[in-house]
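Given next are the chains, with one letter for each unit.
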Amino acid sequence: MKTLRYFLLLFGMIIFFTACESGEGEQRTADQEPSKDKEIRRSNLEIQEKQAANRFPCDTLALEEHIINDFPQGTYLVQFDRTFTYNVPRPAVFYYKGDKNYIFAVIAKSKEGERIIEPKNVIGFESSYINLDSTKLGTAFFFLTLFICENNNFTQMWEAEVPIHGGFNRISMKKWNPKNTQYIELNFADGIISGHRSYNYFFVDGIEKKPHLMETYLGIVHKRTMANVNNDKFPDYFEYRFFEDSLGIRIRDSIPFYWSEQRQLYITDVNRRWWRKY
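Residues numbered from 1 in each chain as written. Predicted model: local features only at pLDDT ≥ 70, side-chain atom pairs only at ≥ 80, totals over all residues. Heavy atoms only, no water.

All right, on to the overall build of the chain then. Within the chain, the regular secondary structure consists of three helices and 14 strands. Looking at the chain as a whole, 41% of its 278 residues are labelled buried. The long-range fraction of contacts in the chain, counting pairs at least 24 apart against all pairs at least 6 apart in sequence, stands at 49%. Carbon and sulfur atoms make up 51% of the accessible area of the chain, which totals about 16,800 Å². (Helix = DSSP H or I, 4+ residues; strand = E, 2+ residues; numbered from the N terminus. Buried < 20%, exposed > 50% of the residue type's maximum accessible area, 1.4 Å probe, protein only. Contact = heavy atoms within 4.5 Å. Areas by Shrake-Rupley, 256 points an atom, 1.4 Å probe, with all protein chains shown as cover.)

Moving on: the confidence of the model for the chain. Confidence along the chain averages 86 in pLDDT terms, with 85% of residues attaining 70 or more. The low-confidence segment residues 14-32, where pLDDT is below 50, has one contact with residues more than four positions distant or belonging to other chains. (pLDDT = per-residue confidence, 0-100.)

Another point: the sheet that holds strand S7 (residues 181-190). One open sheet accounts for nine strands, arranged S6-S7-S8-S9-S10-S11-S12-S13-S14; its pairing is antiparallel. The open sheet terminates on both sides in strands that have one partner only, identified here as strand S6 (168-176) and strand S14 (275-276). Two elements, strand S9 (residues 212-218) and strand S10 (residues 223-227), share two bridges in a ladder whose sense is antiparallel. Looking at the pairing, leucine 218 lines up with lysine 223 of S10. (Pairing = 2+ DSSP bridges.)

This structure, assessed with the given rule, holds 15 salt bridges. Across the pair glutamate 185 and lysine 174 runs a salt bridge whose closest N-O atoms are separated by 3.2 Å. Residue glutamate 185 is found in strand S7, and its partner lysine 174 is found in strand S6; the two are separated by eleven residues along the sequence. Relative accessible area serves as the criterion here: at 8%, glutamate 185 is assigned to the buried category. (Salt bridge = Lys/Arg side-chain N within 4 Å of Asp/Glu carboxyl O.)

Here we take up unusual backbone geometry. Residues other than glycine seldom take positive phi values, yet asparagine 151 does so here, at roughly 55 degrees. Within the fold, asparagine 151 resides in the loop between strand S4 (140-150) and strand S5 (153-162). For asparagine 151, a relative accessible area of 73% corresponds to the exposed category. Despite not being glycine, asparagine 152 has its phi angle at roughly 65 degrees, a positive value. Within the secondary structure, asparagine 152 is located in the loop between S4 and S5. Since its relative accessible area comes to 38%, asparagine 152 is described here as partly exposed.

For strand S11 (residues 236-245) and strand S12 (residues 248-260), the ladder comprises nine bridges, and the chain directions are antiparallel. In the sheet register, phenylalanine 243 faces S12, and the bridge partner there is arginine 250. As consecutive antiparallel partners, S11 and S12 are separated by two residues. Count of turn residues in the S12/strand S13 (residues 265-267) antiparallel hairpin: four residues, of which glutamine 264 carries a positive phi of about 55 degrees.

With that settled, the discussion passes to the packing of aromatic side chains. The tally for this structure, following the rule as stated, stands at 20 aromatic pairs. Ring geometry for tyrosine 96 against tyrosine 102: centres 6.3 Å apart, planes inclined by 45 degrees, an arrangement best described as tilted. For tyrosine 96, a relative accessible area of 21% puts it in the partly exposed group. Relative accessible area serves as the criterion here: at 7%, tyrosine 102 is assigned to the buried category. Seen from their ring centres, tryptophan 158 and phenylalanine 203 are 6.4 Å apart, and the 45 degrees between their planes marks the pair as tilted. Of this pair, tryptophan 158 sits in strand S5 while phenylalanine 203 sits in the loop between strand S8 (195-202) and S9; the two residues are 45 residues apart in sequence, bridging distant segments of the chain. Here tryptophan 158 and phenylalanine 203 have matching classes, each one buried. Through a chain of ring-to-ring contacts, three or more aromatic side chains come together here, namely Phe80, Phe142, Phe168, Phe188, Tyr199 and Tyr278. Over the ring of phenylalanine 80 we find arginine 90, and its NZ or CZ is 4.3 Å from the ring centre. When the ring centre of phenylalanine 143 is taken as origin, the NZ or CZ atom of lysine 109, which lies over that ring, is 4.7 Å away. (Phe/Tyr/Trp six-rings, centres within 6.5 Å; stacked < 30°, edge-to-face > 60°. Lys NZ or Arg CZ within 6 Å of the ring centre and 35° of its normal.)

Now the structure itself:
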């Protein structure tokens, strides 16, 4: 009887270690699949092109093809977060008609040397926690990129980095009324602060020049709102502090920050040692 027990125990251990090795083998295979990533994406794009009812020069499918062909492996055109479960995903693209055909796009690039990202892992509330430790799912670097398109040929004018790894919601064009300045807002969910962050790209020197970045956010005990502190062409903001106790959460004070062109930082007169990059 003891011999049978030992045999069953040994057999179970063999099965366990074999399964572990098999799992490791599958993981290695999965990590090698990125070599086929572009091939799969091209195939999917061909299906989308056949199913598309209305095509036009420089449309989103043409932009996706440009990104697949001309950008490094692991680079993706990001999509809006789904408002409802069965929403059709919308590419994070904004078309702006000016003297030229301007196209703003949110692009995610995989960190070199790590697993390439999956676009679904950097979109929406759940993915906002990827900022704590994104290496298992790959690290995403977001960029707001401006293209000019003529005759279905895309020319990149600039790209501006977005200082966040995941949680993307949407892109929209807005206007800062005090100076009548247009800006692009990239909104991200942030589960860590139980709220959201917006990275605002202001065209203080025109659309074709790289924009000025300023961040705003709102959470349970986090708040930063847009303002016009020193009346120059750059947007400013108020940063809020809170009281937290058994009675609740209350605003303690607000601190004005304004942009210093000399230092290329946001500073405040409240304390000379306090500064922010954006």
